[in-house]
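# Descriptive structure summary
What follows is the residue order along each chain.
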Amino acid sequence: MSFQDAVITGQAPDGGLLLPTSIPDVSNRIAEWRGLNFVELACRIMALYADDIPEDDLAGLIRRSYSNFDHSEITPLVPVGELQVLELFHGPTLAFKDIALQFLGNLFEYILEQRKDCLNILGSTSGDTGSAAIAGVRGKARISIFILYPEGKPSRLQALQMTTVPDENVHCFAVDGSFDDCQRIMKEAFNDLGFKQKYHLGAVNSVNWARLLAQIVYYAYAALKLDAAGTRKVSFSVPTGNFGDIFAGFLAREMGFPIDKLILATNENDILSVFFNQGVYRRGPVHFTLSPSMDIQVASNFERYLFLRLGRDASALKAFMQNFNREGEAMLPPCTAPEDVILATSVDTSTTLDTIRTCYRDFNYLADPHTAVGIAAARRFALSSPVVCLATAHPAKFPESVRRAVGDLVVEHPSLLALESLPQRLEHIPADLALIQNRVRTLSNCHEA
Ligand SMILES: *Cc1c(COP(=O)(O)O)cnc(C)c1O
């Protein structure tokens with residue numbers, strides 16, 4: 001499959017996930033790449049994978065994708081005590097998902113323009129993904145986006161980030177149901193193949209390969225910046241939900257960037273940290289925490305990691321996943337990996353609050369609850385390499401949790417304040433597939449006759 005087909009398809013036709021047939025080794029180019037800025041480095045890395053897009057076009061897409069970030073470095077590094085924090089929240093919705101979804105929106109637009117085709121994006125969200133996906137495609141001519149969210153579940157600010165977008169190609173549906181209802185309806189709509197084909201349905205969730213590709217860049221950028229002399233490796237602590245972000249770090253390491261360990265930090269939803277510590281992958285109930293974007297049990301991108309760890313043996317992976325789906329748990333056959341790259345730990349609510357408090361008290365740094373989970377995890381491991389903690393959201397997106405940790409403090413951001421006065425646009429709708437399909441039929445500008 002070509003790169004462009006992989007981007008448009010999202011999930012593989014057989015329900016599996018897509019990965020490149022090989023991961024390029026860039027070890028011998030690193031010396032020459034050191035000192036490149038974020039956009040320049042992104043161009044070099046992405047060109048290795050997006051080999052069916054002319055390099056000038058790709059560079060234009062990348063430059064545009066990061067032109068509306070509010071920091072000249074795109075992803076700045078900030079020292080916080082012994083640790084370094086890599087701020088990934090300088091995009092339009094103040095969460096790290098902008099880094100991938102700004103690029104994906106422009107990439108969709110480019111490919112659709114080449115093909116004279118169009119797309120109806122259907123997505124479900126409990127918070128950050130919806131607003132970042134909308135920000136990525138708003139106003140784009142060949143794309144409409146339909147976002148389902150459980151009424152009342154996203155925070156007030158997260159809902160405003162979706163519903164105040166005025167562009168006509170954006171449609172928000174507050175569903176009378178749970179997040180699981182929204183997910184189920186979305187899956188059913190995609191499984192209705194007649195509907196999917198007729199209405200050119202497309203997806204933006206983190207199974208899309210282009211999202212991972214865009215995320216490799218900031219690992220490489222931070223590692224090269226901290227290893228200016230080319231003499232030391234860098235470790236990363238990653239607040240983890242769907243395993244997308246940390247898997248991008250794993251790929252950056254496979255490519256030969258100077259990366260030592262990856263610390264996998266979960267909240268109370270600890271299925272992944274149990275797996276990495278005990279070898280058992282076991283489904284449990286979802287816990288609702290202060291870091292809602294990590295309130296996930298089964299991580300869709302984990303299959304990609306297992307595939308590599310099983311030596312690209314698709315039938316072994318299939319057996320593992322079938323076992324897991326049948327029994328609710330599965331174990332990996334004895335592992336031949338030479339060393340543990342991924343160190344995992346789970347951080348509870350009181351530790352998260354305590355970490356926000358002590359980071360602010362001791363270093364005058366305000367972390368959001370997701371970022372705090374990663375910082376707390378980093379403090380548990382004594383590594384010889386410097387540790388970079390990924391900051392995945394701006395603290396002003398989660399003002400209640402931040403205030404709970406540090407007391408009376410104004411946590412705000414001008415782009416969030418501006419939302420308060422804007423008109424909202426949304427439809428309330430029952431959790432019903434047929435009703436939602438009907439709205440897509442009515443609002444779509446993109447369908448077969
Ligand atoms: C999505 C998200 C995460 C988790 O990222 P994954 O790729 O799902 O592991 C962490 N923090 C924030 C703020 C997010 O929006």
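### Some remarks on the domain arrangement of the chain
- Split by domain assignment, the chain resolves into domain 1 (3-13 + 27-71 + 95-208 + 421-443) and domain 2 (77-92 + 209-406).
- Taking the mean C-alpha position of each, domain 1 and domain 2 sit 23 Å from one another.
- Taken residue by residue, the interface counts 45 residues in domain 1 and 38 residues in domain 2.
- Between domain 1 and domain 2, the buried area comes to about 3,600 Å², and carbon and sulfur atoms account for 65% of it.
- Looking only at domain 1, the three residues that lose the most surface to domain 2 are R34, F96 and S206, adding up to 19% of its buried area.
- In this structure, the connection of domain 1 to domain 2 is made through two salt bridges.
- Counting the contacts that link domain 1 with domain 2 gives 11 residue pairs in polar contact (both at pLDDT 80 or more).

### Regarding the pattern of salt bridges
- Applying the stated criterion across every chain yields a total of 17 salt bridges.
- For E113, the salt bridge goes to K116, with nearest N and O atoms at 2.9 Å.
- The class for E113 is partly exposed, based on a relative accessible area of 39%.
- Here K116 falls in the exposed class, since its relative accessible area comes to 56%.
- Residues participating in the shared-partner salt-bridge network are R64, E109 and K140.

### So, the environment of S421
- With respect to the helices, strands and loops of the structure, S421 is situated in the loop between α18 (414-417) and β13 (427-430).
- For the pair S421 and F236, spaced 185 residues apart in sequence, the C-alpha separation works out to 39 Å.
- Within polar-contact distance, the side chain of S421 engages the backbone oxygen of A418 at 3.4 Å.

### Brief notes about the site of the ligand
- Taken together, 15 residues lie around the ligand, and K97, D128, G241, N242 and T392 are the ones closest in.
- Take N242: an N or O atom from its main chain is 2.7 Å from an oxygen atom of the ligand.
- Between the ligand and D245 there is a distance of 2.9 Å, counted from an oxygen atom to a backbone nitrogen or oxygen.
- Compared with its free state, where it exposes 380 Å², the ligand has 96% of that area covered by protein.
- Of the residues in the shell around the ligand, the class split is five nonpolar, seven polar and three charged.
- Both domains that meet at the shell around the ligand, namely domain 1 (3-13 + 27-71 + 95-208 + 421-443) and domain 2 (77-92 + 209-406), each give it at least three residues.

### Here's the deal with the state of the cysteines
- By the definition in use, this model includes one disulfide.
- Here C118 connects covalently by a disulfide to C446, the sulfurs 2.1 Å from one another. Judged by the sign of its S-S torsion, about 85°, the cystine formed by C118 and C446 is right-handed. Separated by 328 residues along the polypeptide, C118 in the loop between α5 (97-115) and β3 (119-124) and C446 in the segment after α19 (433-443) bring together distant segments of the chain.

So, how was this worked out
Residues numbered from 1 in each chain as written. Predicted model: local features only at pLDDT ≥ 70, side-chain atom pairs only at ≥ 80, totals over all residues. Heavy atoms only, no water. Domains from an automatic or database assignment. Contact = heavy atoms within 4.5 Å. Buried area = accessible area lost by both parts, 1.4 Å probe. Salt bridge = Lys/Arg side-chain N within 4 Å of Asp/Glu carboxyl O. Polar contact = N/O pair within 3.5 Å; in protein donor to acceptor, adjacent residues only side chain to side chain. Buried < 20%, exposed > 50% of the residue type's maximum accessible area, 1.4 Å probe, protein only. Helix = DSSP H or I, 4+ residues; strand = E, 2+ residues; numbered from the N terminus. Near = heavy atom within 4 Å. Areas by Shrake-Rupley, 256 points an atom, 1.4 Å probe, with all protein chains shown as cover. Nonpolar A, V, L, I, M, F, W, Y, C, P; charged D, E, K, R; others polar. Disulfide = S-S within 2.5 Å.

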